[in-house]
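Examining the three-dimensional arrangement
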Amino acid sequence: MNNPVPVLTLDGPSGSGKGAVGQLCAQKLGWHYLDSGAIYRALAYVVRQAGLDAGDVEAVVQRAEDLKMECLPNPPESAVIMVNGENVDDRVRNEEMGRLASRLASIPAVRAALLRVQRRARQAPGLVADGRDMGTVVFPDAHRKFFLTAGAGVRAERRYKQLKVKGFDGSLAALFEAIQERDTRDAQRAVSPLKPAEDATMLDTSDMSIDEVVSRVLDRVIH
Ligand code: C5P
């Protein structure tokens, strides 16, 4: 049966602006917001805390099934990640945890275990969901789909600015490489790779402000 609750999906690589745009769109529409990347980061945190090996699929999947996390919107900054009621945002919003999240996200059984949690976020009056496979796999029947892109240099600079605020002291060049590596893994994995849905609207945000992207997206949702 068709699900009548509308969904707006925003997919794209890291630094394409989907987190800020997604939260602001959700705020303006009065809809719920799902940061699916935060779920993979929360899982990475739990796996790291437990000292598990990322290759121990059975144990990792068990953690995915038991995951207790939530995300508190915080636009235009990224949403705050809570695990077991504790704010772990500073510990998971870094490239090291991004890399572990990306490794875990390439395991098919992990993705399957997290599918239900993500679909449960589809609640009236609507949902804005951002990630890598929102329009292709998690909500293929979404009402509006966008795929945000931006030049690799622009994306690295955006991430650099975000991470600097959180005390990151690495170089822009190292960050650029880490992001490239993560995006390549995300785009090449066998299950739910990062790619635009066939019916997604492509939006290059390289030269656009967050507000411009938000109004372009909302324009398509409302009309
Ligand atoms: O969006 P964010 O950078 O927080 O996502 C962290 C990682 O989680 C991504 O690099 C990707 O590997 C994974 N992810 C995913 N599918 C999603 C969202 C995130 O595989 N829908």
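Residues numbered from 1 in each chain as written. Predicted model: local features only at pLDDT ≥ 70, side-chain atom pairs only at ≥ 80, totals over all residues. Heavy atoms only, no water.

**Examining the overall build of the protein chain**
For the protein chain, the count of helices and strands is ten helices and eight strands. For a compact globule of 223 residues, the expected C-alpha radius of gyration is about 17 Å, and the protein chain comes in at 16 Å, within 12% of that figure. In the protein chain, which comprises 223 residues, the share counted as buried stands at 48%. In the protein chain, once contacts between residues fewer than 6 apart in sequence are set aside, the share between residues at least 24 apart is 74%. As presented, the protein chain carries roughly 10,800 Å² of accessible surface, and 50% of it is formed by carbon and sulfur atoms. (Helix = DSSP H or I, 4+ residues; strand = E, 2+ residues; numbered from the N terminus. Rg over C-alpha atoms; globule rule 2.2 N^0.38 Å. Buried < 20%, exposed > 50% of the residue type's maximum accessible area, 1.4 Å probe, protein only. Contact = heavy atoms within 4.5 Å. Areas by Shrake-Rupley, 256 points an atom, 1.4 Å probe, with all protein chains shown as cover.)

**A look at the site of the ligand**
Neighbouring the ligand are 16 residues; Arg-41, Arg-111, Asp-133, Arg-182 and Asp-186 lie closest to it. Taking Ser-36, its side chain carries an N or O atom lying 2.9 Å from a nitrogen atom of the ligand. Arg-111 places a polar side-chain atom, nitrogen or oxygen, 2.8 Å from an oxygen atom of the ligand. Computed on the free molecule, the ligand has an accessible area of 450 Å², of which 96% lies beneath the protein chains in the complex. (Near = heavy atom within 4 Å. Polar contact = N/O pair within 3.5 Å; in protein donor to acceptor, adjacent residues only side chain to side chain.)

**Notes on the pattern of salt bridges**
Tallying each qualifying case throughout the model produces 14 salt bridges. For Asp-35, the salt bridge identified is with Arg-93, shortest N-O distance 3.0 Å. Pair noted here: Asp-35 is in strand S2 (residues 32–35) and Arg-93 is in the loop between helix H4 (89–92) and helix H5 (95–105), with a separation of 58 residues, a long-range link. Judged on exposure class, the residue Asp-35 and its partner Arg-93 are both buried. Linking Glu-96 and Arg-48 is a salt bridge whose minimum nitrogen-to-oxygen distance equals 2.9 Å. In this pair, Glu-96 is assigned in helix H5 and Arg-48 in helix H2 (residues 36–49), connecting sequence segments 48 residues apart. Each member of the salt-bridge network shares a partner with another, and the members are Asp-35, Asp-89 and Arg-93. (Salt bridge = Lys/Arg side-chain N within 4 Å of Asp/Glu carboxyl O.)

**What about the environment of Leu-148?**
With respect to the secondary-structure elements, Leu-148 resides in strand S7 (residues 144–149). The spatial distance from the C-alpha of Leu-148 to the C-alpha of Ala-38 is 18 Å, given a sequence separation of 110 residues. Filtering out sequence-adjacent residues up to four positions away, Leu-148 remains in contact with Asp-11, Gly-12, Pro-13, Ser-16, Gly-17, Lys-18, Leu-203, Thr-205 and Val-213.

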